[in-house]
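Listed here are the chains, written in short residue letters.
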Amino acid sequence: MQLVTTTLQDFSLEELTVFVSFFPRPKLFFTSAALWALFAVLFWIFAGERLGAYFGLPPADPNVPPVIGVGVFVTKAYIWLYIYFAAFVAVFASFWMWYAPHRWQRWSILGSALIIFNTYFTVQISLAINEWRGPYFNLFQQALTTPGSVSAAEFYWQNVLFAGIAFLYIGLSVIFTYFTSHYIFRWRTAMNEFYVAHWSQLRHIEGASQRVQEDTMRFSTTVETLGVSLIQAVMNLIAFMPLLAQLSGHITEVPIIGQIPYSLVVLSIVWSLLGTLLLAVVGIKLPGLEFRNQRVEAAYRKELVFGEDDETRAEPLTLTELFRNVRRNYFRLYFHYAYFNIARSFYGQADGLILDVILIPSIVAGKLTMGLWQQISTAFGQVSNSFQYLVTAWPTIVELISIYKRLKAFESVIYEEPLPEIDQHYLQTQAEAR
């Protein structure tokens, strides 16, 4: 936990090379982006959505049945949302392009906004599929309980509606995966150029070549993955929490506890927090071990590289000792990951059963239709998965911490700060060896 806390403190530095190379004035940029996004969301909730009516694009009428299928994304309410999002992005991007011009500003500002929009749209597709599940499975239940009451044409049409949503999702997924790959490589290019410009200072750091060649790509990829996952978790909460609160009205009681208001919302939060706390405690040692694993591997690899050009290096005894360090650290990793994976697997299996257990009293009381059960299952899963962000992202966070701590040595050299303790230890060991 101390390692994680220390690393988070490192991320609060005014200028991080991993960010300053790609984003303008990172600390101020991300702070202003968060505040601007919060303002945009609040303004939308309290006024922005209704503002569309003045332009002939009113919000959806709650008394009118929702549009089922891909057509929902071209309704007036959605068209106004697209305009609203584009306007707020344009204002934010224009300010930063004027205030702090940056070589990579089109990718770092507009590219990031496009990734956020795609994340939001993906959540909306999930909502559209959930809306489709209700009438489809109610139709399914009616066909099973009352033979002949549902025509084959009705089922075919429902499948056509689903196919439209699914094909839209697949098409956008392919396009944005392609775009995101370019976005990540541009970020890597920005970091690479920054470090190469300071190569004369950095070349003496252990594993400098690997850090520039490999860790920059891994860092940009991992940050993008975690960032998108976090944004998606927040958007899922915003989208599905009200729906889950509404669906809670169909739950008559909860086993052992009985009746509680907004039962599905309360139980999803409690269950997710328990899982997050469990995995955080069980996996507390993993960040340090992952970081050390990269170091012992780098030391072994570097000695082998030296041995290619210098016959006095990479002697058997030296290599044996270095590989012994590799083996020792891997065995420790295997041990700690073993009980971490046990805890994670048990929680995952229990997570698949918890909702069914909660719904048993309502099911036996005949309060749920098949369509409602499907909608509750999806909404509960989306909300609980969002609250379980740390549970699902913990291994990736561990990897990010270990990568960043390797790149942190570069910042120390560039900004003339003391090297991280583990790098000082390595230099001391090398000096003693000489």
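Just so we're clear, the structure is a prediction, and the values are computed from it rather than from any experiment.

> What is the right way to look at the nonpolar core in this model?
Note on soluble globular proteins: their nonpolar side chains tend to be buried together. By size, the foremost hydrophobic cluster in this structure holds 34 residues, and its most contacted members are Val 18, Trp 187 and Phe 219. Those elements that place two or more of their residues in this core are α2 (17-20), α4 (76-99), α5 (105-145), α6 (152-197), α8 (208-247) and α13 (389-414). Broken down by element, this core gets its largest block of residues, 9 residues, from α13. Counting residues in hydrophobic clusters, the runner-up holds 22 residues, among them Val 123, Met 235, Ile 251 and Leu 368.

> What am I meant to see in the UniProt feature "transmembrane region" (unreviewed entry) in the protein chain here?
Residues annotated by UniProt as "transmembrane region" (unreviewed entry) correspond here to residues 28-47, 79-100, 107-129, 155-179, 226-248 and 260-284. The straight-line gap between the two end C-alpha atoms of residues 107-129 is 31 Å; of that span, 100% is helix and 0% is strand. Annotated as 80% helix and 0% strand, the span residues 260-284 places its first and last C-alpha atoms 35 Å apart.

> Could you clarify how one ought to interpret the packing of aromatic side chains in this entry?
Centre distance and the angle of the planes are the two values used to describe a pair of aromatic rings. The full count for this structure, using the stated rule, is 49 aromatic pairs. Judged by centre distance (5.5 Å) and plane angle (80°), the rings of Trp 96 and Tyr 99 are edge-to-face. Here the residue Trp 96 and the residue Tyr 99 both occupy positions in helix α4, the gap between them amounting to 3 residues, near one helical turn. Since its relative accessible area comes to 36%, Tyr 99 is described here as partly exposed. Between the aromatic rings of Trp 98 and Tyr 99, the centroid separation amounts to 6.4 Å while the plane-to-plane angle is 45°, which identifies the pairing as tilted. A relative accessible area of 65% means that Trp 98 is categorised as exposed.

> I'm lost on the packing of α4 against α5 in this one. Help?
Helix-helix packing: each pair is described by the crossing angle between the helix axes and the interaxial distance. Relative to each other, α4 and α5 sit at 160°, their axes nearing to 10 Å. Classified by the angle their axes make, α4 and α5 are roughly antiparallel. The hand of the α4/α5 crossing is right-handed. Contacts between α4 and α5 pair Tyr 78, Leu 81, Tyr 82, Phe 85, Val 89, Phe 92, Ala 93, Trp 96 and Met 97 from the former with Gln 105, Arg 106, Ile 109, Leu 110, Ala 113, Phe 117, Tyr 120, Phe 121 and Gln 124 from the latter. Considered class by class, the residues forming the contact of α4 with α5 number 15 nonpolar, 2 polar and 1 charged.

> I tried to follow the confidence of the model for the protein chain on my own but got confused; where do I start?
Parts of the prediction with low pLDDT should not have their coordinates interpreted in detail. Looking at the protein chain as a whole, its pLDDT mean stands at 80, while 87% of the residues score no less than 70. Within the protein chain, the lowest mean pLDDT, 43, falls on helix α1 (residues 2-10), and the highest, 95, falls on α4.

> Sorry if this is basic, but what is going on with the packing of α5 against α6 here?
Running from N to C, α5 and α6 point in directions that differ by 160°, and their axes come no closer than 10 Å. On the basis of the axis angle, α5 is roughly antiparallel to α6. Between α5 and α6 lies a crossing whose hand is left-handed. Taken together, the residues that form the contact of α5 with α6 break down as 22 nonpolar, 9 polar and 2 charged.

> Explain unusual backbone geometry to me, please; I cannot follow it from the model alone.
Leaving glycine aside, a negative phi is the common case for residues, and trans is the common case for peptide bonds. One non-glycine residue, Arg 25, lies in positive phi territory at about 45°. Inspection of the secondary structure puts Arg 25 in the loop between α2 and α3 (26-51). Exposure remark for Arg 25: the relative accessible area of 39% places this residue in the partly exposed category.

> Where do I start with the pattern of salt bridges in this structure?
Between side chains of opposite charge, a pair can form as their charged atoms come close. Tallying each qualifying case throughout the model produces 2 salt bridges. Salt-bridge contacts for Glu 193 lead to Arg 103; the nearest nitrogen and oxygen are separated by 2.5 Å. One end of the pair, Glu 193, is in helix α6; the other, Arg 103, is in the loop between α4 and α5, and 90 residues separate them in sequence. For Glu 321, the salt bridge goes to Arg 324, with nearest N and O atoms at 2.5 Å. Residue Glu 321 and its partner Arg 324 are both found in helix α11 (residues 316-364); the two are separated by 3 residues, about one turn of the helix. A relative accessible area of 37% places Glu 321 in the partly exposed class.

> Would you take a moment to explain the side chain of Gln 375 for this structure?
Within the secondary structure, Gln 375 sits in helix α12 (residues 370-387). Owing to a relative accessible area of 14%, Gln 375 belongs among the buried residues under this scheme. Among the polar contacts made by the side chain of Gln 375, one reaches the main-chain carbonyl oxygen of Asn 130 at a distance of 3.1 Å. Those residues in contact with Gln 375 that lie beyond four places of it in its chain are Asn 130, Glu 131, Gly 134 and Leu 247.

> Teacher, can you tell me more about the side chain of His 102 here?
Along the chain, His 102 turns up in the loop between α4 and α5. On the basis of relative accessibility, which here comes to 19%, the residue His 102 falls in the buried class. A distance of 3.1 Å separates the side chain of His 102 from the backbone nitrogen of Trp 104, its partner in a polar contact. Not counting residues within four places of it along the chain, the set of residues in contact with His 102 comprises Val 20, Ser 21, Phe 22, Phe 23 and Pro 24.

> Looking at this structure, I do not really get the environment of Gly 258. What am I missing?
Position of Gly 258 relative to the elements: it lies in the loop between α8 and α9 (263-282). On the basis of relative accessibility, which here comes to 17%, the residue Gly 258 falls in the buried class. Once the C-alpha coordinates of Gly 258 and Pro 361 are considered, the two residues, 103 residues apart in sequence, prove to be 9.5 Å apart.

Reading guide: rules and limits
Residues numbered from 1 in each chain as written. Predicted model: local features only at pLDDT ≥ 70, side-chain atom pairs only at ≥ 80, totals over all residues. Heavy atoms only, no water. Core = buried A, V, L, I, M, F, W, Y, C linked by side-chain atoms within 4.5 Å. Buried < 20%, exposed > 50% of the residue type's maximum accessible area, 1.4 Å probe, protein only. Helix = DSSP H or I, 4+ residues; strand = E, 2+ residues; numbered from the N terminus. UniProt positions renumbered as here; feature names shortened; annotations may be inferred. Phe/Tyr/Trp six-rings, centres within 6.5 Å; stacked < 30°, edge-to-face > 60°. Axes fitted to C-alpha atoms, helices over the stretch in contact; angles between N-to-C directions. Parallel < 35°, antiparallel > 145°, perpendicular 65-115°, else oblique. Left-handed = near helix turned anticlockwise from the far one by under 90°. Contact = heavy atoms within 4.5 Å. Nonpolar A, V, L, I, M, F, W, Y, C, P; charged D, E, K, R; others polar. pLDDT = per-residue confidence, 0-100. Salt bridge = Lys/Arg side-chain N within 4 Å of Asp/Glu carboxyl O. Polar contact = N/O pair within 3.5 Å; in protein donor to acceptor, adjacent residues only side chain to side chain.

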